[in-house]
Amino acid sequence: VARQMLQLYANLINADDKLEVEIVRCGKQPNATDCGVYASAIAFNLASGMQPNVKFMHTKMRQHLASCLEKGVVEPFPQKSVCGKGNAISRIVFL
């Protein structure tokens, strides 16, 4: 895995020849069927500079995604609140 990461992200290797990857907290899905919806919501938040560590309004997410696709627009997913803990969990350095 480390070798693949280095190949994929060669342009991000720092001056010490290391690739630093930060693992962040993000909203958790409550079931085994909404992986795509949650991945879309978290990707949207990250790409928009928004907090990924939120509690989404689970029952409204699927309809929201369908509406965005139908209208051809991307809007923030419905959320209840931002989780209290910070984003960063840990930092991994690949040699």
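Residues numbered from 1 in each chain as written. Predicted model: local features only at pLDDT ≥ 70, side-chain atom pairs only at ≥ 80, totals over all residues. Heavy atoms only, no water.

Asks: How would you sum up the side chain of His64? Please name residues and give values.
Replies: Following the sequence through the fold, His64 ends up in helix α3 (residues 58-71). The buried category is assigned to His64, whose relative accessible area is 13%. Each residue touching His64, except ones within four places of it in the same chain, is listed here: Glu75, Pro76, Phe77 and Pro78. (Helix = DSSP H or I, 4+ residues; strand = E, 2+ residues; numbered from the N terminus. Buried < 20%, exposed > 50% of the residue type's maximum accessible area, 1.4 Å probe, protein only. Contact = heavy atoms within 4.5 Å.)

Asks: I'd like a description of the pattern of salt bridges, backed by residues and values.
Replies: This model, assessed by the stated rule, comprises two salt bridges. The closest approach of N and O atoms between Asp34 and Arg62, which form a salt bridge, is 2.3 Å. Here Asp34, found in the loop between β1 (19-24) and α2 (35-47), pairs with Arg62, found in helix α3; they are 28 residues apart in sequence, far enough to count as distant. (Salt bridge = Lys/Arg side-chain N within 4 Å of Asp/Glu carboxyl O.)

Asks: Could you give an account of α3, naming the residues involved and the relevant values?
Replies: Spanning 14 residues, α3 covers 21 Å between terminal C-alpha atoms, matching the ideal 20 Å at 1.5 Å per step. All of the buried residues along α3 are Met61, His64 and Cys68. End-on view of α3: buried residues confined to an arc of 70 degrees, all on one side of the axis. The exposed set on the far side of α3, more than 90 degrees from its buried face, consists of Thr59, Gln63, Leu69 and Glu70. Buried-residue contacts for α3 involve α2 and β2 (54-56). Positioned one or two residues after α3, Gly72 has a phi angle of 75 degrees, which is positive. (Expected span 1.5 Å × (residues − 1). Arc of directions from axis to C-beta.)

Asks: For the nonpolar core, give the residues involved together with the corresponding values.
Replies: Val37, Tyr38, Ala41, Ile42, Phe44, Val54, Phe56, Met61 and Phe77 form the largest nonpolar core, which has nine residues in total. The set of elements that each furnish at least two residues to this core consists of α2 and β2. Once residues within four sequence positions are removed from consideration, Phe44 is found in contact with Met50, Val74, Glu75, Pro76 and Phe77. (Core = buried A, V, L, I, M, F, W, Y, C linked by side-chain atoms within 4.5 Å.)

Asks: Give me the lowdown on α2, citing residues and values where you can.
Replies: For α2, which comprises 13 residues, the first-to-last C-alpha distance of 18 Å matches the rise-based estimate of 18 Å (1.5 Å per residue) to within 8%. Inspection of α2 places Val37, Tyr38, Ala41, Ile42, Phe44 and Asn45 among the buried residues, and these make up the whole buried set. Within α2, the buried residues cover an arc of 155 degrees as seen down the axis, which keeps them to one side. Among the structural elements, β2, α3 and β3 (79-82) are those in contact with the buried residues of α2. Looking one or two places after α2, you find Gly49, whose phi comes out positive at around 75 degrees.

Asks: Mind laying out the packing of aromatic side chains, listing which residues take part and the relevant values?
Replies: Applying the stated criterion across every chain yields a total of one aromatic pair. For the pair Tyr38 and Phe56, a centre-to-centre distance of 5.7 Å together with 90 degrees between the ring planes defines the contact as edge-to-face. With Tyr38 in helix α2 and Phe56 in strand β2, this pair connects stretches of sequence that are 18 residues apart. For the pair Tyr38 and Phe56, a shared accessibility class is recorded, and that class is buried. (Phe/Tyr/Trp six-rings, centres within 6.5 Å; stacked < 30°, edge-to-face > 60°.)

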